Amino acid sequence: MKIDIGVAETVKGFLDPAEGKVLYETAMEASRLGPCLEIGSYCGKSTVWIGAGCAENGGILFAVDHHGGSEEQQHGQEYFDRELYDEKEDRVDTFGAFRKTLSTAGLGDTVVPLVCRSEVAARMWNTPLGLVFIDGGHSFEAAFTDYNCWARHIVAGGYLLIHDIFENPEEGGQAPWEVYKLAVASGLFRELPRFRTMGILMRLGCGQMP
Ligand code: MG
């Protein structure tokens, strides 16, 4: 199936295209090590970038999202989007938009959607992963849960990417940055140069030092 990476630009979302390109390039490497997994697909913008990287190697991207929108996307909140609101069901529902993105981009044979909360998907998880991208809920509890559930599954040489890193509280919420610092302090990852708001860590193998 031919992947149309340009579709990413037409999809609603909060990801800079230059950061998307970093996701694409990292996924192209990581998908040789194992499947990739993202938390917080929303309408599928990052899914297109990571999925396109996976597709280069015939890889798989697991895309985890309950598709009910995060805290700040609910009715009356700052990032509420009426187009993603199901009046009849009285709830935010991004799954329709997400599926449309997958079919438009040609990612049907690459992306496996997991429509549930991240910790539910993780409960019986036993598959080593080449890459984990954390971009789900931005409360500390949500971001830490995503880290705690999934970072343990990353293979040596695989990547942990965390979006929306803001060192300065005036620029954005602090939870992803707090979780990033915890990951670094664990001593189990090597810090690679951050790109804009994207934190990039590589899982160390036995005998490797940060
Ligand atoms: Mg984000």
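Once a new chain begins, its residue numbering starts again from 1 and follows that chain's sequence as written. Thresholds applied to this predicted model are a pLDDT of at least 70 for local features of residues and 80 or more for the giving and counting of side-chain atom pairs; totals over whole chains, interfaces and linings are not thresholded and use all residues. To obtain the side-chain values, all non-hydrogen atoms of the structure were used and water was disregarded.

A. Expanded view of the coordination of the magnesium ion. Donors, by definition, are the N, O and S atoms found within 2.8 Å of a metal, the threshold being 3.2 Å for Na, K and Ca, and water is not counted, so a site can look incomplete. Those donors, D135 (OD), H163 (ND1) and D164 (OD), are the protein atoms that reach the magnesium ion, and they lie 2.1 to 2.3 Å from it. Ordering the donors of the magnesium ion by residue number gives the pattern D-x27-H-D. Taken together, the residues D135 in the loop between β6 (129-134) and α5 (140-150) and D164 in the loop between β7 (154-162) and α6 (175-185) connect sequence positions 29 residues apart. Comparing D135 with D164, the two get one shared label, buried. Counting from the N terminus, the helices are the DSSP runs of H or I reaching at least four residues and the strands are the DSSP runs of E reaching at least two. Accessible area is worked out with a 1.4 Å probe on protein chains only. A residue is then buried under 20% of its type maximum, exposed over 50%, and partly exposed in between.

B. Inspection of empty space enclosed by the protein at higher detail. Every definition here rests on a 1 Å grid over the protein atoms only: cavities are sets of points where a 1.4 Å probe fits but cannot get out, pockets are open sets enclosed by protein on both sides within 12 Å along at least five of seven lines, and lining residues have some atom within 4 Å of a point. Grid points are joined across faces, edges and corners, and a volume is the space filled by probe spheres set on the points. All told, the structure shown has two cavities of 30 Å³ or more when counted by the stated rule. In this structure, the largest cavity spans a volume of roughly 40 Å³. Taken together, I134, D135, G136, G137, H138, A143, I162, H163 and P176 make up the lining of the largest cavity. Just so you know the grouping, Ala, Val, Leu, Ile, Met, Phe, Trp, Tyr, Cys and Pro go in nonpolar, Asp, Glu, Lys and Arg go in charged, and all remaining residues, Gly too, go in polar. Looking at the lining of the largest cavity residue by residue, the classes come out as four nonpolar, four polar and one charged. Of the voids in this model, the second largest cavity is the one considered here, and its volume is about 40 Å³. When the residues that make up the lining of the second largest cavity are grouped by side-chain class, the tally is five nonpolar, one polar and one charged.

In short, shape yes, function no, at least from these values alone.
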